[in-house]
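Letter by letter, the chains look like this.
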Amino acid sequence: DAISVHHLAELIERDVAVVAEVIRIANTIGFNPEGVEIVSVEQAIQVIGFMKIRNLAVSLLLLKNAGQLVNPRESREVSALAVTCGYLAEVSGERFGQTDPGHAFVCAAMRHYGNLLLTTFLTEEHRQATALAKTTSQDEAFGEVFGLTALDLGRRVLEGMNLPGSILGTFRSMPDKEERRSLGETKLRLLAVTDFAMELT
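Now for a description of the structure that goes with this document. Throughout this document, residue positions are counted from 1 along each chain, in the order its sequence is written. Given that this is a predicted model, residues contribute local features only at a pLDDT of at least 70 and side-chain atom pairs are listed and counted only at 80 or more, while totals for whole chains, interfaces and linings are drawn from all residues. Side-chain figures throughout are based on the complete set of non-hydrogen atoms in the structure, without hydrogens or water.

A few points about the layout of surface pockets
Selection criterion: Lining residues are defined by having an atom within 4 Å of a point belonging to a cavity or pocket. Those points lie on a 1 Å grid over the protein atoms alone, cavities being sets where a 1.4 Å probe fits but cannot get out and pockets being open sets with protein on both sides within 12 Å along at least five of seven lines. Grid points are joined across faces, edges and corners, and a volume is the space filled by probe spheres set on the points. The secondary structure listing takes helices from DSSP runs of H or I that are at least 4 residues long and strands from runs of E that are at least 2 residues long, numbered from the N terminus. By the convention adopted, Pro, Cys, Tyr, Trp, Phe, Met, Ile, Leu, Val and Ala count as nonpolar, Lys, Arg, Asp and Glu as charged, and the other residues, Gly among them, as polar.
Roughly 670 Å³ of volume is contained in the second largest pocket. If you trace the second largest pocket, you find 28 residues lining it, with Asn115, Gln138, Asp139, Ala150 and Met198 closest to the centre. Of all the secondary structure elements, the ones that give two or more residues to the lining of the second largest pocket are helix H5 (73-95), helix H7 (113-121), helix H8 (123-132), helix H9 (138-146), helix H10 (150-159) and helix H13 (185-200). Per element, the largest residue contribution to the lining of the second largest pocket is five residues, and it comes from H5. Here the residues of the lining of the second largest pocket are counted per class, giving eight nonpolar, nine polar and 11 charged.

Structure (structure tokens):
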């Protein structure tokens, strides 16, 4: 929720390919119509904007994973789905009055985190669960193979990283009508947008 421009720049700079792409994009006319030369990530953040850079960095990292042929096909597909899901949630959030569409992007993209872990580190088991899901629900199939769903895995791992509760709160399916009242309008909208994007992708 609260990260400085300098800290964001440091995080982005850990991946040289992402740094190069962020600076390249910051120097395009769409983001930099004055044509001021951008040479650092901190300058790029100031030109493009904090929220857009954050989402751009997440997208580039996921797209990089999606394009690496050394990664399992399933892992590349999940990365591409995460980016798609994020952008769909962002657009839906703008359309349906989500207060922070950029937040919706991050929440929706991060919902694929458990699947990304499973496809990367337990590829064969993930294939078994996916095959089993053809004859039963996906949650039941993943529960049988892994003991929990991909969404539950993502939430459990990310809880240990001290992510904001507003992000972790979207790692669930839509609650029943009774529970919706207790969530509050803003949380419910964010959950609805991210759940919709997840189901559609």
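What follows picks up the thread again.
Observations concerning the side chain of Ser92
Going by this rule: Three labels apply to residues, based on accessible area from a 1.4 Å probe with only protein chains included: buried if under 20% of the type maximum, exposed if over 50%, partly exposed otherwise in between. In this description, contact between two residues means that some pair of their heavy atoms is separated by no more than 4.5 Å.
Looking at the secondary structure, you find Ser92 in helix H5. For Ser92, a relative accessible area of 7% gives the class buried. Not counting residues within four places of it along the chain, the set of residues in contact with Ser92 comprises Val193 and Phe196.

Looking at the packing of aromatic side chains
Aromatic rings considered in pairs are described by the distance between their centres and by the relative angle of their planes. As a reminder of what qualifies: Aromatic pairs are defined between Phe, Tyr and Trp rings, using the six-membered ring for Trp, whenever the two ring centres lie within 6.5 Å; interplanar angles under 30 degrees are classed as stacked, those over 60 as edge-to-face, and all others as tilted.
Across all of its chains, the model carries two aromatic pairs by this definition. Between the aromatic rings of Phe142 and Phe146, the centroid separation amounts to 5.7 Å while the plane-to-plane angle is 35°, which identifies the pairing as tilted. Here Phe142 and its partner Phe146 are both found in helix H9, four residues apart, which amounts to about one turn of the helix. Each member of the pair, Phe142 as well as Phe146, is classed as buried.

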